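# Structural description and commentary
One-letter residues, chain by chain:
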Amino acid sequence: MCGIVGYIGSKKAYPILIKGLKRLEYRGYDSAGVAMISDSGDLNVYKAKGKVDNLTDYCNDKDVSGCVGIAHTRWATHGEPSARNAHPHYSSTHNLAIIHNGIIENYADIKTQLQAKGVEFKSDTDTEVLVQLVEYIMVKKNLPLVEAVQVALHQVIGAYAIAIIDKRDPRQIIAARKQSPLVVGIGKDEFFLGSDASPIIDYTDKVVYLEDGNIAVIRLGEELKVISILGEEQELKVKTVDIDLGQIEKGGYEHFMLKEIFEQPECLMNCMRGRINVEGNHVTLSAMIDYRQQLLGAKRIVIVACGTSWHAGLIGKQLFESLCRIPCEVEYASEFRYRNPVVTKDDVVIAISQSGETADTLAAIQLAKEQGAFIFGICNAIGSSIPRATNTGTYIHVGPEIGVASTKAFTGQVTVLSMLALCLAAERKTISEDLYKQMVKELTQIPDKMVQALKTNEQIEHLAPIFTYAKNCLYLGRGYNYPLALEGALKLKEISYIHAEGYPAAEMKHGPIALIDSEMPVFVIATRDRLYEKVISNIQEVRARGGRVTALVTEGDTQIQKFADHVITLPDTLECFQPLIASIPLQLLAYHIAVCKGKDVDRPRNLAKSVTVE
Ligand code: M6R
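The structure reproduced in this document is the subject of the present report. (Residues numbered from 1 in each chain as written. Predicted model: local features only at pLDDT ≥ 70, side-chain atom pairs only at ≥ 80, totals over all residues. Heavy atoms only, no water.)

## Here we look at the layout of surface pockets
Volume-wise, the largest pocket comes out at about 800 Å³. Around the largest pocket sit 38 residues that line it, and Ile243, Asn380, Ala381, Ile382 and Pro400 are the ones nearest its centre. Among the secondary structure elements, those contributing two or more residues to the lining of the largest pocket are strand S11 (206–209) and strand S14 (238–240). Here the lining of the largest pocket is composed, by residue class, of 16 nonpolar, 12 polar and 10 charged. (1 Å grid on protein atoms, 1.4 Å probe; cavity = no way out; pocket = protein on both sides within 12 Å on 5 of 7 lines; lining within 4 Å. Points joined across faces, edges and corners; volume = space filled by probe spheres on them. Helix = DSSP H or I, 4+ residues; strand = E, 2+ residues; numbered from the N terminus. Nonpolar A, V, L, I, M, F, W, Y, C, P; charged D, E, K, R; others polar.)

Put into structure tokens, the structure is as follows:
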């Protein structure tokens, strides 16, 4: 979950590296660093704790010349966040510098062996072990850098995306990957490196997504060469990336998160485009055509995901069970991968991930694959590791999500799950034709209804200061709105650092009701559906104990305002699509509360956008 950038060519490397790091800061911002081979042939490494701006301040009076360099933004795993543990790391002789994203699991053993041979270490990181090992092999076996990297990578256990430069050979960068993403950009007489394509797209749209176990030999004046760890030359698969630069900039909004909340109507239109016909009465997913037999053969669906994607999975479960009558389980990928679950070839495993890089989800896929399940991916980041590890899948197509708090990816995931459930239900004939058509039609209306829901922004901005004092908040919902209660609570926790719990409203009386007093805000999703009357009773239970209720209600509701302190009104829709609408005020609420508290909304503490470590 660190970010990697690299450049080699005839331009000044430093501005390109810094710009790239800023684009990748969502991956971690515990520290940042840069290594460049200067015009006079020195290998300069500069690093600073914290965000990229701290690094640029630090570099103000430094020699940042040179046309080759690598740079890194870190999310700490081994070793506290500090300049000392920041990447790049030098080798002992200061001839080599390395950056790394991932974890070298057997670093302690290798470190002990190298220390026994007299190698001295300057940091507590697993990464430094790798660069020291490479240098040790180069010297001991008299090997060129690329071959020493091959030998070293044979010895390490773990996940990595790395880039190494050698001051004695300033025309070369060696990069390699295993289970952590790495993209090489190919320009005219220049090359770029990135953990994703965002640091590259200003300069070229030609990229190679490095495959697991491969090494990129990037030499100026030569064609990019990709080899395996064994040295076998690999076919060069050059792809054209299609990311609009405007998509990854803030577009006039104060934060990416706010921009991404407001983008949702358009994102969902993109998500449905080409999948729902113009008449709005039929949905087709290409995966359903290509893998009809495997998907229809599912005796059970198992959804694996983490965080917000897991919450989307909980909504998926209700859709698959109620519409398709297929039993469905939703698993935290991190638990599933280690608990020896029963998975069979009759299962379809759906992996949901915005980034497509979440290590636990990837491992869960691997486990399910080994047991013969058919794997379906629901991802956003095109060409990322999860879509490549699955048998088939559907992209949510909501564009790059930069804010660490997931917003548009959640609604995109729920939309794809809804389309998939509708396809399966129609094929399995577990849904009447009328209901099918009504549901497809309603799905196409959701973007317009989201536009309505976004109009609550001003009201929520005014309400937000009332809640900044809170130490704890409770989110309640039932049915399809229960996962949304979890999601609302997660949003608040991660960006405002207020503790929040999501609960099924009726479960409250089995424990959490003891917490309720006038100090604890309670947010209730009380839209009009089958359980509406019951939710009203739950609201009264809260009120009876002095709780302060803010309720999300359906337009035209007159009952709930009698009991609630604040009411936020939303357009009506079918019960199963309510989370698509009601997620908007919950996202806005978390956003405005965090802004009122002066928090760094897009880069909350301790978090990273892409969790590529377990
Ligand atoms: O990229 P993924 O969807 O696999 O990420 C999973 C979680 O890390 C992610 O949803 C996380 O919980 C978000 N920060 C929530 O807003």
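## Let's talk about the packing of helix H10 (residues 307–324) against helix H17 (residues 481–496)
Where H10 contacts H17, the two axes come as close as 9 Å, and the packing angle between them is 170°. When the interaxial angle is binned, H10 and H17 end up roughly antiparallel. On the side of H10, the interface is formed by Gly307, Thr308, Trp310, His311, Leu314, Ile315 and Gln318, while H17 contributes Pro483, Leu486, Glu487, Leu490 and Lys491. Tallied by class, the residues present in the contact of H10 with H17 amount to 6 nonpolar, 4 polar and 2 charged. (Axes fitted to C-alpha atoms, helices over the stretch in contact; angles between N-to-C directions. Parallel < 35°, antiparallel > 145°, perpendicular 65-115°, else oblique. Contact = heavy atoms within 4.5 Å.)

## Re empty space enclosed by the protein
Scanning the entire structure with this criterion turns up 2 cavities of 30 Å³ or more. Roughly 80 Å³ of volume is contained in the largest cavity. Those elements giving two or more residues to the lining of the largest cavity turn out to be strand S6 (96–104) and helix H4 (126–141). The greatest single-element share of the lining of the largest cavity, amounting to 3 residues, is contributed by S6. When its residues are assigned to classes, the lining of the largest cavity shows 4 nonpolar, 8 polar and 2 charged. Computed from the structure, the second largest cavity encloses a volume of approximately 30 Å³. For the second largest cavity, the full set of lining residues is Leu295, Ala298, Ile301, Val348, Ile350, Leu420 and Leu424. Every element with two or more residues in the lining of the second largest cavity is listed here: strand S17 (347–353) and helix H14 (408–428). Of the residues in the lining of the second largest cavity, the class split is 7 nonpolar, no polar and no charged.

## Concerning the pattern of salt bridges
The tally for this structure, following the rule as stated, stands at 32 salt bridges. With a closest N to O distance of 3.7 Å, Lys188 and Asp189 form a salt bridge. In terms of burial, Lys188 and Asp189 fall into one category: exposed. Salt-bridge contacts for Asp565 lead to Arg548; the nearest nitrogen and oxygen are separated by 3.6 Å. Here Arg548 lies in strand S23 (residues 548–554) and Asp565 lies in the loop between S23 and strand S24 (566–570), a separation of 17 residues in the sequence. The class of Asp565 is partly exposed, set by a relative accessible area of 27%. A single salt-bridge network, built from bridges that share partners, covers Glu25, Lys51, Asp600 and Arg603. (Salt bridge = Lys/Arg side-chain N within 4 Å of Asp/Glu carboxyl O. Buried < 20%, exposed > 50% of the residue type's maximum accessible area, 1.4 Å probe, protein only.)

## Thoughts on the environment of Ile352
Residue placement: Ile352 occurs in strand S17. Linking Ile352 and His311, residues 41 residues apart in sequence, is a C-alpha distance of 9.9 Å. Filtering out sequence-adjacent residues up to four positions away, Ile352 remains in contact with Ile303, Val304, Ala305, Ser309, Gly313, Thr361, Ile378, Gln413 and Leu417.

## Some thoughts on the site of the ligand
As a structural note, the neighbourhood of the ligand is formed by 15 residues, with Ser309, Ser353, Ser355, Thr358 and Glu494 the closest of them. One of the backbone N or O atoms of Gln354 is found 2.7 Å from an oxygen atom in the ligand. The contact in question runs from an oxygen atom of the ligand to an N or O atom on the side chain of Ser355, over 2.6 Å. Summarising the interface, the protein chains cover 90% of the accessible area of the ligand, which totals 410 Å² for the free molecule. Elements supplying a minimum of two residues to the shell around the ligand: H10 and H17. Tallied by class, residues from the shell around the ligand come to 5 nonpolar, 8 polar and 2 charged. (Near = heavy atom within 4 Å. Polar contact = N/O pair within 3.5 Å; in protein donor to acceptor, adjacent residues only side chain to side chain. Areas by Shrake-Rupley, 256 points an atom, 1.4 Å probe, with all protein chains shown as cover.)

## Quick look at the pairing of strand S1 (residues 3–8)
Put simply, side chains in a regular strand alternate between the two faces of the sheet. Counting buried positions along S1 yields 6 of 6 residues, so the element is predominantly enclosed. Two strands pair when backbone bridges link them, and S1 and strand S4 (residues 68–74) are joined in this way by 6 bridges, in the antiparallel orientation. Among the inter-strand pairings, Ile8 is bridged to a residue of S4, identified as Val68. In this structure, S1 lies alongside strand S10 (residues 191–194), joined through 4 bridges in antiparallel fashion. Across the sheet, residue Ile8 finds its bridge partner in S10, namely Phe191. (Pairing = 2+ DSSP bridges.)

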